[in-house]
Amino acid sequence: MNNNKDHIYSILQEVCDPEVPVLTILDLGIVRDIQFHEEEVEIIITPTYSGCPAMDAISVDIKLKLIEQGFKKVKVSYVLSPAWTTDWMSEEGKKKLQAYGIAPPQKITNNTRLHKMLFEEEGHIECPQCHSLNTKMLSQFGSTACKALYQCNDCKEPFDYFKCH
Amino acid sequence: MPHTKNALSFTLHLADTALILAQRNGEWCAHGPILEQDIAITNITLDLIGQARNFYQYAARLHEANENAVTEDSLAYLRTEGQFKNLLICELPNGDWAQTILRQFFFSTFQMLLFEKMKQSNNTQWVAIAEKSIKETHYHVKWSSEWVIRLGDGTTESHDRITKALDTLWMYTGEFFIPASYEMIEVTALKNEWMNKVKEVFDEATLTIPENVFMQTGGKNGVHTENLGFVLTELQYLQRVFPGAEW
Ligand SMILES: [Zn+2]
């Protein structure tokens with residue numbers, strides 16, 4: 001067993017989110033820690049949303065990839081705290097999302113009000129097709145829990161926005 | 001140890017409440033009034049199932065010392081009505097869209113206050129689940145509040161419907177704030193703030209908070225309406241007919 005974290009991270013770089021397959025789990029920022037126990041390697045991950053149905057598939061995929069690389073005993077465990085935030089997504093991941101047609105989450109700053117007023121929406125979301133900022137929210141809930149549905153007022157294309165969380 | 005026993009009962013109450021509301025909301029899947037809202041209510045459902053799983057997993061761990069056979073699945077699929085501790089409001093039929101929306105609004109507004117309080121508890125697992133869930137609950141409150149306003153201050157028909165829903169549901173809101181013996185968060189103290197938040201949205205929705213209504217209770221202690229049996233029959237069918245089935 002090659003007890004080297006970098007080596008394991010390079011293997012995990014091949015595990016993708018089944019729902020947003022351009023993102024690896026490292027891009028998403030859900031791998032929290034790697035620990036070595038006598039015979040076993042433990043990968044600690046955190047869910048994006050409480051009911052994210054991708055977690056089970058991701059966990060199986062992590063095990064398969066590591067076993068393929070010669071690891072005999074692999075354990076995947078979950079932690080809830082601290083709660084995942086879109087700020088843990090890598091810059092690389094954000095670029096990949098945009099190229100894939102999904103607007104990446106905006107950076108959360110001190111001035112970000114995560115909890116919007118009623119009928120208020122997250123503004124200045126850039127259209128991934130034509131890069132216009134003239135876009136509007138169609139629905140706060142999109143095709144998966146982590147996304148909202150937007151539309152571009154210029155090119156008229158509807159698109160997913162990976163919402164700040 | 002009465003402390004562990006209470007922690008277990010309270011954790012099950014939180015899990016059951018989230019699960020039963022999720023099961024009810026899930027009935028809207030493919031039946032929502034328009035596609036986007038169908039997706040919205042089922043997204044909320046998924047969050048609630050996630051919460052339920054987190055609470056059930058913790059409840060199973062609280063059991064573990066003496067009963068290894070208890071798992072998150074056995075807690076959800078193999079208990080009967082009398083053992084479920086969910087709030088009554090969660091098991092009521094969906095009714096129309098107005099009734100579903102109004103229930104979600106009452107519930108999510110309460111849940112947000114409850115989770116805020118739980119974040120200060122000394123049980124680290126509750127704190128972790130509350131911190132995780134509350135980020136999602138904010139979306140639920142916003143979405144359902146906007147819909148209450150849209151329907152209440154909408155057309156004559158939508159106003160009539162949500163008023164009818166209010167008549168049906170109000171008597172089940174008292175239970176939020178009447179503590180069970182095992183309850184480890186002081187829910188009574190959340191009532192004023194909940195009323196204020198409801199009033200704020202109701203004012204905009206041109207709805208009036210009913211007065212002097214007798215409040216139904218029992219769910220927290222396993223005394224349910226006849227609805228729960230039907231909900232569980234559907235929810236537990238597969239595990240009852242094919243025990244231990246997995247996929
Ligand atoms: Zn565009």
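Data block above holds the structure.
The notes below deal with the structure included here. Just so you know, these numbers come straight off a predicted model, no measurement behind them.

### Topic: the overall build of chain A
Argument step 1. From N to C terminus, chain A includes 4 helices and 7 strands.
Argument step 2. In chain A, the order of α-helices and β-strands from amino to carboxyl end is α-α-β-β-α-β-α-β-β-β-β.
Argument step 3. When its C-alpha atoms are laid out on the principal axes, chain A stretches across 55 × 30 × 25 Å.
Argument step 4. Relative to its full complement of 165 residues, chain A shows a buried share of 47%.

### Structural notes on the coordination of the zinc ion
All names here are of chain A.
Argument step 1. Surrounding the zinc ion are the protein donor atoms Cys 127 (SG), Cys 130 (SG), Cys 152 (SG) and Cys 155 (SG), which sit 2.3 to 2.4 Å from the metal.
Argument step 2. Coordination at the zinc ion comes from 4 donor atoms whose angles at the metal span 104 to 115°, giving a geometry best classed as tetrahedral.
Argument step 3. Each donor residue of the zinc ion belongs to the same chain, and together they define the spacing C-x2-C-x21-C-x2-C.
Argument step 4. The class of Cys 152 is buried, set by a relative accessible area of 1%.
Argument step 5. A residue is classified by how much of its surface remains accessible, and Cys 155, at 30% relative accessible area, is partly exposed.

### Quick word on the pairing of strand 7 (residues 158-162) of chain A
Residue and element names in this part refer to chain A.
Argument step 1. Burial analysis of strand 7 places 4 of its 5 residues in the buried class, the great majority of the element.
Argument step 2. Note that strand 4 (residues 102-103) and strand 7 share 2 bridges and pair parallel. Within strand 7, the position partnered with Ala 103 by the bridge is Tyr 161.
Argument step 3. Here strand 6 (residues 147-152) runs beside strand 7; their pairing, made up of 5 bridges, is antiparallel. Across the sheet, residue Lys 147 finds its bridge partner in strand 7, namely Phe 162.

### Focus on the interface of chain B and chain A
Argument step 1. Tallying the contact residues gives 29 residues for chain B and 28 residues for chain A.
Argument step 2. Between chain B and chain A, the buried area comes to about 2400 Å², and carbon and sulfur atoms account for 61% of it.
Argument step 3. A per-residue breakdown of the area chain B buries against chain A is headed by Lys 132, Tyr 139 and Lys 142 of chain B, which together make up 30% of the total.
Argument step 4. One can count 1 salt bridge joining chain B with chain A.
Argument step 5. For Arg 53 of chain B, the salt bridge identified is with Asp 56 of chain A, shortest N-O distance 3.8 Å.
Argument step 6. Our count for the chain B to chain A interface comes out at 11 residue pairs in polar contact (both at pLDDT 80 or more).
Argument step 7. Every element with two or more residues in the side of chain B that touches chain A is listed here: helix 2 (35-63) and helix 6 (124-152) of chain B.
Argument step 8. It is helix 6 of chain B that contributes the most residues to the side of chain B that touches chain A, 17 residues altogether.

### Re the nonpolar core
Argument step 1. Judged by nonpolar contacts, the single largest core of 113 residues is most densely connected at Ile 43 and Ile 62 of chain A together with Leu 102, Phe 106, Val 148 and Phe 202 of chain B.
Argument step 2. Residue contributions to this core reach at least three from each of two domains, namely domain 1 (5-78) and domain 2 (86-162) of chain A.
Argument step 3. Ignoring anything within four residues of it in the chain, the contact list for Phe 106 of chain B reads Ile 89, Leu 166, Leu 169, Trp 170, Thr 173, Phe 176, Trp 194, Val 198 and Phe 202 of chain B.
Argument step 4. Counting 9 residues, the second largest nonpolar core, distinct from the first, contains Ile 125, Ala 148, Cys 152 and Phe 159 of chain A.

### Looking at the environment of Ser 143 of chain A
Residue and element names in this part refer to chain A.
Argument step 1. Its place among the elements puts Ser 143 in the loop between strand 5 (135-139) and strand 6.
Argument step 2. For the pair formed by Ser 143 and Val 20, sequence separation is 123 residues and the distance between their alpha carbons is 11 Å.
Argument step 3. One polar contact links Ser 143 to Lys 147, side chain to side chain, over a distance of 3.2 Å.
Argument step 4. At a separation of 3.3 Å, a polar atom in the side chain of Ser 143 contacts the side chain of Asp 160.

### Examining the packing of aromatic side chains
Argument step 1. Enumeration over the complete set of coordinates arrives at 21 aromatic pairs over all chains.
Argument step 2. Centroid distance Phe 141 of chain A to Tyr 139 of chain B: 6.5 Å. Interplanar angle 65°. Geometry classified as edge-to-face. Taken together, the positions of Phe 141 of chain A in the loop between strand 5 and strand 6 and Tyr 139 of chain B in helix 6 put the pair across two chains. Each of the two residues, Phe 141 of chain A as well as Tyr 139 of chain B, counts as buried.
Argument step 3. Residues Phe 106 of chain B and Trp 170 of chain B carry aromatic rings whose centres are separated by 5.5 Å and whose planes lie at 75° to one another, so their mutual orientation is edge-to-face. Here the residue Phe 106 of chain B occupies a position in helix 5 (residues 97-118), and Trp 170 of chain B occupies one in the loop between helix 7 (156-169) and helix 8 (191-205), the gap between them amounting to 64 residues.
Argument step 4. Judged by its relative accessible area of 5%, Trp 170 of chain B falls in the buried class.
Argument step 5. Connected via pairs of aromatic rings, a cluster forms that spans Phe 105, Phe 106, Phe 110, Trp 170, Phe 176, Phe 177, Trp 194 and Phe 202 of chain B.
Argument step 6. Note that Arg 79 of chain B overlies the ring of Phe 84 of chain B, its terminal NZ or CZ placed 4.6 Å from the centroid.

### Some details on the packing of helix 6 of chain B against helix 8 of chain B
All names here are of chain B.
Argument step 1. With their axes 8 Å apart at the nearest point, helix 6 and helix 8 run at an angle of 30° to one another. When the interaxial angle is binned, helix 6 and helix 8 end up roughly parallel. Seen along the crossing, helix 6 lies across helix 8 with a hand that is right-handed. Taking contact as the criterion, the partners of Ser 145, Val 148, Ile 149 and Gly 152 in helix 6 are, on helix 8, Val 201, Phe 202, Glu 204 and Ala 205.
Argument step 2. A class-by-class count of the residues in the contact of helix 6 with helix 8 yields 5 nonpolar, 2 polar and 1 charged.

Rules used throughout
Residues numbered from 1 in each chain as written. Chains lettered and ligands numbered in written order. Predicted model: local features only at pLDDT ≥ 70, side-chain atom pairs only at ≥ 80, totals over all residues. Heavy atoms only, no water. Helix = DSSP H or I, 4+ residues; strand = E, 2+ residues; numbered from the N terminus. Buried < 20%, exposed > 50% of the residue type's maximum accessible area, 1.4 Å probe, protein only. Donors = N, O, S within 2.8 Å, 3.2 Å for Na, K, Ca; no water. Tetrahedral: all angles 85-135°; square planar, octahedral: opposite > 155°, others 65-115°. Pairing = 2+ DSSP bridges. Contact = heavy atoms within 4.5 Å. Buried area = accessible area lost by both parts, 1.4 Å probe. Salt bridge = Lys/Arg side-chain N within 4 Å of Asp/Glu carboxyl O. Polar contact = N/O pair within 3.5 Å; in protein donor to acceptor, adjacent residues only side chain to side chain. Core = buried A, V, L, I, M, F, W, Y, C linked by side-chain atoms within 4.5 Å. Domains from an automatic or database assignment. Phe/Tyr/Trp six-rings, centres within 6.5 Å; stacked < 30°, edge-to-face > 60°. Lys NZ or Arg CZ within 6 Å of the ring centre and 35° of its normal. Axes fitted to C-alpha atoms, helices over the stretch in contact; angles between N-to-C directions. Parallel < 35°, antiparallel > 145°, perpendicular 65-115°, else oblique. Left-handed = near helix turned anticlockwise from the far one by under 90°. Nonpolar A, V, L, I, M, F, W, Y, C, P; charged D, E, K, R; others polar.

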